[in-house]
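The lines below spell out each chain.
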Amino acid sequence: MKKRLKPKEIFPGVFEIKGNPATKNLNPGNKVYSEPLIEIDKTEYRTWNPNRSKISAAIKKGLKEFPIKEKSQILYLGAAEGTTISHLSDIVGAEGIIYGVDISARSMRKFVYLCEQRPNIVPILADASQPNSYKEHIESFSVDVLTQDVSQKNQAEIFLKNSRIYLKRDGYGLLSIKARSIHSTKPVEELVQEEVKKMQNEFEILQIVSLHPYEKEHAMIYCKKK
Ligand SMILES: C[S@@+](CC[C@H](N)C(=O)[O-])C[C@H]1O[C@@H](n2cnc3c(N)ncnc32)[C@H](O)[C@@H]1O
């Protein structure tokens with residue numbers, strides 16, 4: 001007899017199905033990238049591919065807590081075409097909001113289309129290293145979670161600048177570190193520790209997760225604003 005699929009809720013709004021994270025589709029019948037849709041008991045889930053999303057990779061690699069839930073307000077730096085944001089949009093639901101910032105006009109075109117399908121995402125074409133430049137687009141100056149995935153040399157500095165303006169006290173951060181954007185040869189652990197040092201005055205570091213093998217030479221820093 002065929003075994004019935006049963007989603008296991010690993011964090012509020014995040015499920016495990018067939019060994020991978022998945023979210024309930026806020027826009028049923030529609031895919032965002034090539035993610036498989038799975039229907040179980042009349043609910044449609046979207047498989048959250050850890051090879052396409054660093055947050056999904058961090059969950060697969062043992063992230064112990066997950067700060068994003070229904071109604072969360074999020075500032076997301078490095079939105080690209082919205083692959084990861086689409087899953088966060090599933091989780092925060094109609095009463096949550098995600099401000100997605102990206103510098104690339106090319107990515108933004110596809111991202112804006114996604115935002116039209118999902119009213120809980122606000123697209124912002126801007127440079128994340130100039131956080132004052134997008135103040136007018138962000139209604140809330142105290143988001144619950146700041147997430148960042150930008151391929152730049154000064155990743156901790158960009159994260160800190162944004163957190164000082166937009167992240168509430170006791171708010172959480174998920175900072176994805178791309179080691180090779182910072183230095184071409186230094187060991188990843190050393191580079192991550194250098195970024196952590198820059199953050200420690202203002203953030204409590206809760207967990208550092210290597211994203212290998214889903215993303216080589218990347219780590220996720222999970223932290224809480226002091
Ligand atoms: C690896 S991609 C992000 C993928 C995305 N987070 C996801 O999982 O769906 C990195 C993105 O950072 C953006 N980026 C690089 N520098 C930036 C900056 N200074 N400000 C805003 N976005 C930037 C790039 O345009 C690119 O879309």
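Residues numbered from 1 in each chain as written. Predicted model: local features only at pLDDT ≥ 70, side-chain atom pairs only at ≥ 80, totals over all residues. Heavy atoms only, no water.

### Some points on the sheet that holds strand E2 (residues 14–17)
Inclusion rule: Between any two strands, pairing holds if DSSP finds at least two bridges. Here a helix means four or more residues in a row that DSSP labels H or I, a strand means two or more in a row labelled E, and each is numbered from the N terminus. Axis lines are fitted to C-alpha atoms, over the contacting stretch for helices. Their N-to-C directions set the angle, which ranges from 0 to 180 degrees.
Here we have five strands laid out as an open sheet, ordered E1-E2-E3-E5-E4, and antiparallel in their pairing. Pairing within the sheet leaves two strands with one partner each, and these edge strands are strand E1 (8–11) and strand E4 (37–40). Pairs of neighbouring strands in the sheet enclose a mean axial angle of 45 degrees, with direction left out of account.

### Let's talk about helix H4 (residues 155–166)
Short version of the rule: Given a helix with a known number of residues, its expected span is that number minus one, times 1.5 Å. For the exposure calls, accessible area comes from a 1.4 Å probe over protein chains only, and a residue counts as buried if that area is under 20% of its type's maximum, exposed if over 50%, partly exposed in between.
The terminal C-alpha atoms of H4 lie 17 Å apart, and with 12 residues this matches the ideal 16 Å at 1.5 Å per residue to within 8%. For H4, the set of buried residues is Gln155, Ala156, Ile158, Phe159, Leu160, Asn162, Ser163 and Tyr166.

### Re the domain arrangement of the protein
Rules: In this entry, domain limits derive from an automatic or database-based domain assignment. By definition, residues are in contact when any of their heavy atoms lie within 4.5 Å. When two parts are put together, the accessible area they lose, computed with a 1.4 Å probe and summed over both, is reported as buried area. A pair is scored as a salt bridge if a Lys or Arg side-chain nitrogen falls within 4 Å of a carboxyl oxygen belonging to Asp or Glu. Polar contact is the term for a pair of N or O atoms within 3.5 Å; when the atoms are in protein, one must be able to donate a hydrogen and the other to accept it, and sequence-neighboring residues count only if both atoms are side-chain atoms.
For the protein, the domain assignment lists domain 1 (8–47) and domain 2 (54–225). Listed by partner, the interface residues are 17 residues for domain 1 and 21 residues for domain 2. Summed over both partners, the interface of domain 1 with domain 2 comes to about 1400 Å²; 63% of that surface belongs to carbon and sulfur atoms. Contact with domain 2 buries surface across domain 1, with Phe11, Leu26 and Val32 losing the most and accounting together for 37% of the total. Among the salt bridges present, the one from aspartate 90 reaches arginine 46, with a minimum N-O distance of 2.7 Å. Counting across the interface, domain 1 meets domain 2 through eight residue pairs in polar contact (both at pLDDT 80 or more).

### Some thoughts on the environment of lysine 6
Here lysine 6 is to be found in the segment before E1. Spatially, the C-alpha atom of lysine 6 lies 7.5 Å from that of isoleucine 40, the residues being 34 residues apart in sequence.

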